[in-house]
Amino acid sequence: MAASDWHAGGIEINSERLRLKLFTADDAEDLFAAITPAITRFMQWEPPRSLAAFAEVWRSWLAPIHDGSDLHFVVRTLAHDRCLGLVGLHAAKTACPELGIWIREDAQGNGLGREAIAAVAEWASETLEPDCFEYPVAERNVASRRIAERLWGVVIGSSSNPKYASVVYRIPNLRR
């Protein structure tokens, strides 16, 4: 997709149980309510302490969403529109964008994370046509590692940060 063809408005990705749409300010309260310290244990960032602190974070997402370079998809249930979390597609216009996800604690363990990542990867594979995706994940985050492995991801590297050691998976373009 050419840069001039990009239009963030109206993008909606649906899967069997989920609807994913690009983040807007209207999503902020629902998303903030779903962020807990337990879900951020395998993330490089710490949870914001207030809605105002979260606003500083999400405001930085708006320009990159608008230009298509860094996308944050809010994950909601199709049945009840309940906010479940967020899928990131970072460096979206590169040959190998980075995928990331978090799902609220009370919705984990039902395959929703895999469904959400697969939906975004399939959409991006067709729409943006990358060669592959990178998916960094904490070594000890077995559930998230399974997501990458079920999408034919293979470990291509490792790194560490102050919170944990991680591995990086490469997931192929799902349309090739």
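Our subject is the structure listed above.
Residues numbered from 1 in each chain as written. Predicted model: local features only at pLDDT ≥ 70, side-chain atom pairs only at ≥ 80, totals over all residues. Heavy atoms only, no water.

Engineer: Could you clarify how one ought to interpret the pairing of strand β6 (residues 132-138) in this entry?
Structural biologist: Put simply, side chains in a regular strand alternate between the two faces of the sheet. Of all the 7 residues making up β6, 5 are buried; the element is thus mostly covered by neighbouring parts of the structure. Sheet topology places β6 next to strand β8 (residues 165-172); 7 bridges connect them, and they run antiparallel. Residue pairing across strands places valine 137 opposite valine 167, the latter belonging to β8. (Buried < 20%, exposed > 50% of the residue type's maximum accessible area, 1.4 Å probe, protein only. Helix = DSSP H or I, 4+ residues; strand = E, 2+ residues; numbered from the N terminus. Pairing = 2+ DSSP bridges.)

Engineer: Please clarify how the environment of phenylalanine 23 should be interpreted in this entry.
Structural biologist: Secondary-structure assignment places phenylalanine 23 in the loop between β2 (18-22) and α1 (28-34). The sequence separation of phenylalanine 23 and alanine 121 amounts to 98 residues, and the corresponding C-alpha distance is 17 Å. Residues contacting phenylalanine 23, with those up to four places away along its chain left out, are Ala28, Leu31, Trp58, Trp61, Leu62, Ile65, His72 and Val74. (Contact = heavy atoms within 4.5 Å.)

Engineer: Please explain the side chain of aspartate 70 as it appears in this structure.
Structural biologist: Secondary-structure assignment places aspartate 70 in the loop between α2 (51-67) and β3 (71-77). Here aspartate 70 occupies a buried position and makes no salt bridge, while the nearest side chain of opposite charge, lysine 93, is found at 11 Å. (Lys, Arg positive; Asp, Glu negative; His and termini not counted. Salt bridge = Lys/Arg side-chain N within 4 Å of Asp/Glu carboxyl O.)

Engineer: I would appreciate a short explanation of the layout of surface pockets in the present structure.
Structural biologist: Which parts of space are left empty comes out when a probe the size of a water molecule is rolled across the atoms. For the largest pocket, the calculated volume is near 1,100 Å³. If you trace the largest pocket, you find 46 residues lining it, with Met43, Gly100, Ile101, Trp102 and Ser144 closest to the centre. Elements with a contribution of two residues or more to the lining of the largest pocket: α2, β4 (83-90), β5 (98-103), α3 (112-127), β6, α4 (142-150) and β8. Split into classes, the residues belonging to the lining of the largest pocket amount to 26 nonpolar, 14 polar and 6 charged. Along its surface, the second largest pocket is lined by 15 residues, and Lys21, Leu22, Phe23, Thr24 and Asp27 are the ones closest to its centre. (1 Å grid on protein atoms, 1.4 Å probe; cavity = no way out; pocket = protein on both sides within 12 Å on 5 of 7 lines; lining within 4 Å. Points joined across faces, edges and corners; volume = space filled by probe spheres on them. Nonpolar A, V, L, I, M, F, W, Y, C, P; charged D, E, K, R; others polar.)

So far we have only geometry, and geometry alone does not tell us how the molecule works.
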